[in-house]
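For reference, the chains in residue letters:
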Amino acid sequence: MIARVATDISADRLFDYAVPAELMPRLCVGQRVRVPFGRRTADAYVVELTAETAPSPVVPDLFNQSDRPDLSDLSSLPAARHLRSLLAIEDDTPFLSPDLIRLARWIAEYTCTPLELCLRCALPAPVRNRDVRAKERLYVSPVAEAAGLTERQAELHADLVRVGGGWLHSLTREFSCSPQTLKALAAKGAAVIEARQMRRDPLARRKILPTLPMPLMPEQAAALEQIVALIESEEEDVTDGQGSARTDTGKIAPKPLLLFGVTGSGKTEVYLQAISKVLERGCGAIVLVPEIALTPQTVQRFAARFGQRVAVLHSALSDGERFDEWHRIRSGSATVVVGPRSAVFAPVRDLGLIVVDEEHEPSYKQDEAPRYNARDVAVMRGHLEKCAVVLGSATPAMETWLNVKRGKYALARLSKRVAGRAMPHVRLVDMRMESVKAGHARIFSEDLLAALNLRLERGEQSILFLNRRGYANSLLCPSCGHAETCEACNIAYTYHQADNCLRCHICGGWRHVPSKCPECGDPAFKYAGTGTQRAESALRKCFPKASVLRMDADVTSRKQSHDELLSIFKSGRADILLGTQMIAKGLDFPNVTLVGVLMADLSLNMPDFRAAERTYQLLAQVSGRAGRADLPGEVFIQTYAPEHPAVRAAASDAGFEPFAERELAEREEGGYPPYSRLVCLTFKGTSEDKTRLSAETLAKALMVQGGRLRVSAACPAPLAKAKGMFRYQVLMMAPTARAMTTPLRATLARAPLPTDVSLSIDVDALNVI
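The text that follows walks through the structure, step by step, so that each part is easy to find. No experiment lies behind these values; they were computed from the predicted model shown.

### Some details on the pattern of salt bridges
Tallied over the full model, the rule gives 49 salt bridges. A salt bridge links Glu48 to Arg4; the nearest nitrogen and oxygen atoms lie 3.5 Å apart. Here Glu48, found in strand 4 (residues 40-50), pairs with Arg4, found in strand 1 (residues 2-7); they are 44 residues apart in sequence, far enough to count as distant. A salt bridge links Glu325 to Arg199; its shortest N-O distance comes to 3.0 Å. Taken together, the residues Glu325 in helix 10 (residues 319-331) and Arg199 in the loop between strand 8 (191-197) and helix 7 (218-232) connect sequence positions 126 residues apart. Of the residues examined, Glu325 reaches a relative accessible area of 1% and is grouped as buried. Accessibility expressed as a relative area gives 28% for Arg199, which makes it partly exposed. If you follow the salt bridges from partner to partner, you end up with Arg427, Arg455, Arg458, Glu460 and Glu634 in one network.

Here is the structure:
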């Protein structure tokens, strides 16, 4: 028997190893094994078991050569001479199921990424890291009957029986005794002390009260019935997130369903009750949320309904917590998993349902290799494991909506808010007129300030949204116009008042604020633009008695910080929550009756054909935070482009569908996604000439392919320099992704890139900056 394995080294290929006779009965696909690799040993994962060896296909070298291992000593590698043997099986229980391996293979093929990188996505770093282990502590269990005890020992024994046992270190505090005292009790046979695994519970500090299913509105009940029907039935036509078949497995699976519901319509309750049905069938579920900021509130709701069956997976957990949660899922102890995009790979047993909440969110797209979209991966995993997939949104992605129109996805509607609550009243504020009245640009309009003051008087809460962190987005000299820029990225520094420094939001570099202009020597600087720090400062001046919370990347880097800030606001200890996009979606605060959008035009000015779609989605989502309980809601959208169709659509009562029809018509006319597929090629190098030449050479080679493949000329990326690297882009469009990736692979195989120029390939790119 031969084991084909993927190593922990990105060698862009699989390796064959002979299986020793003593390991054959235990070996299976998905296990972690130890193998000889060159002059060292390495961890590897069994991807395939076969009777004969075969050369593994070599993936073209698409990545920076400096990131690759030294494979110069080919004589020591198993593919170059007689097969070497596996050394050991690290764990009898597979780390990867056959379906997850097939999913990783699909991602590798589709995104032009080495299989090893895709397999790593399915295994969190703490799980791969040998230094992270289960935490063991001494546990004390009482013995029912004991004799020969002193009076004090008898008291301790009675207490131990009363509490039913516990961890040694906890019991010493509870019983005011030393560890030796309890060990003496065990020595007399009155207790048993043994080492047990102690779970590192990410929810241990929270008080979670159990909840019961809530009565459903008629539309909610109909949507639940549709989901349950999908869980119990199988249909053949299953596609990816953009509607093109991506596998030849021949398996059948339920058709994905879009739960299209306005904000506040009770989509989460439908998810909860659908998962209850799945659990009744002995299956598990995965719930994806787009932001870590949403995870605490979502986990709270799911843990309140399903208790210890819920596990949470995200990067903000400690290594120990991630290790324990992943192994709880793997063992079947946890059957409901909640987390951001990486949770789509959770090793849930007998998966019955995957929910992708706010499926339109671009944060589901991974921004480093492998550049997968968790929504599309969820659809494909549902296909492979024949489970239902529900995509939820009030503002679906154009790709998803077109799949519904074409009949590839099922549709369930929630057109009304729960309990008949009204949608918030939306007002557009023309900031051009406000600037004329004030004689200068304003952060807050008079109408918004009056509305904020009214909420403070009533004891109600408000949310203000500004999608730009920092104090000011540039530091300008009023005399000569010089702007302080980051040398590594060629973009203006952002001024941060909190620590009085200039920071680059691309590379993270920083410097002190100069005392005078480096160009002309003028000490008078002008802070241009407004970020959340500046808005917070102005807000405190306008309302000195109000309690203001700011929530952005600068104040949420610490563990549990998202949870703490949201808990403060939900408990009513803050009047106004000001933040970036992490507060714009999914959050539910009953006492919020006012939402203000500052600078609604920011996303409209991006050089991206999706700018209008993203602006509409963001405005509609943040508007939906108002009036979610019995109190009516009001929204003020401050804009310098009140006539823009996306802004007007977000403020109208017509809803999503008229905007989608207009947007899809424009996309179809221009041949943009979802009517085509897009691949963005980004070249990076320290030499601008060499980077440009590499991009131009590849673009010309691809242009001669002909057919329906469209290839742009090589040009500097919108962000032309980042982290000291020059960046050039080539865009490709075609009816299918394969029509682009096949010639791309072939071209790169014939003409590899220079070693000091790297290439990132983004299939179905959402960001071309």
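### Structural notes on the packing of helix 1 (residues 98-111) against helix 11 (residues 374-385)
Two elements in contact, helix 1 and helix 11, have axes whose closest approach is 10 Å; the angle formed by their N-to-C orientations is 135 degrees. Put simply, helix 1 runs oblique to helix 11. As helix 1 packs across helix 11, the resulting crossing turns out to be right-handed. Here helix 1 contributes Asp99, Leu100, Arg102, Leu103, Trp106 and Ile107 to the contact with helix 11, which in turn contributes Asp376, Val377, Met380, Arg381, Leu384 and Glu385. Of the residues belonging to the contact of helix 1 with helix 11, the class tally is seven nonpolar, no polar and five charged.

### Considerations on the nonpolar core
In this structure, Leu103, Phe345, Leu681, Phe683 and Ile761 are the most contacted members of the largest nonpolar core, which totals 116 residues. Per-element accounting of this core gives the leading share, eight residues, to helix 1. Beyond its immediate chain neighbours, meaning those up to four positions away, Leu103 contacts Phe345, Val377, Met380, Arg381 and Leu384. Ranked by size, the runner-up nonpolar core spans 34 residues in total, among them Val278, Val336, Leu353 and Val355.

### Observations concerning the side chain of Arg667
Relative to the helices and strands, Arg667 is located in helix 19 (residues 656-670). The residues touching Arg667, leaving out its near neighbours within four places in the chain, are Met398, Phe609, Arg610, Glu613, Tyr672, Pro673, Pro674 and Tyr675.

### Details of unusual backbone geometry
For the bond from Ala369 to Pro370, the omega torsion is -5 degrees, close enough to zero to count as cis. By the element assignment, Pro370 lies in the loop between strand 13 (351-357) and helix 11. At the junction of Pro673 and Pro674, the peptide bond is cis and its omega measures out at 15 degrees in the coordinates. Mapped onto the fold, Pro674 is located in the loop between helix 19 and strand 27 (677-685). A positive phi angle, close to 50 degrees, is found at Asp350, a residue other than glycine. Along the chain, the position of Asp350 falls in the loop between strand 12 (336-339) and strand 13. A relative accessible area of 56% means that Asp350 is categorised as exposed.

Rules behind the numbers
- Residues numbered from 1 in each chain as written.
- Predicted model: local features only at pLDDT ≥ 70, side-chain atom pairs only at ≥ 80, totals over all residues.
- Heavy atoms only, no water.
- Salt bridge = Lys/Arg side-chain N within 4 Å of Asp/Glu carboxyl O.
- Helix = DSSP H or I, 4+ residues; strand = E, 2+ residues; numbered from the N terminus.
- Buried < 20%, exposed > 50% of the residue type's maximum accessible area, 1.4 Å probe, protein only.
- Axes fitted to C-alpha atoms, helices over the stretch in contact; angles between N-to-C directions.
- Parallel < 35°, antiparallel > 145°, perpendicular 65-115°, else oblique.
- Left-handed = near helix turned anticlockwise from the far one by under 90°.
- Contact = heavy atoms within 4.5 Å.
- Nonpolar A, V, L, I, M, F, W, Y, C, P; charged D, E, K, R; others polar.
- Core = buried A, V, L, I, M, F, W, Y, C linked by side-chain atoms within 4.5 Å.

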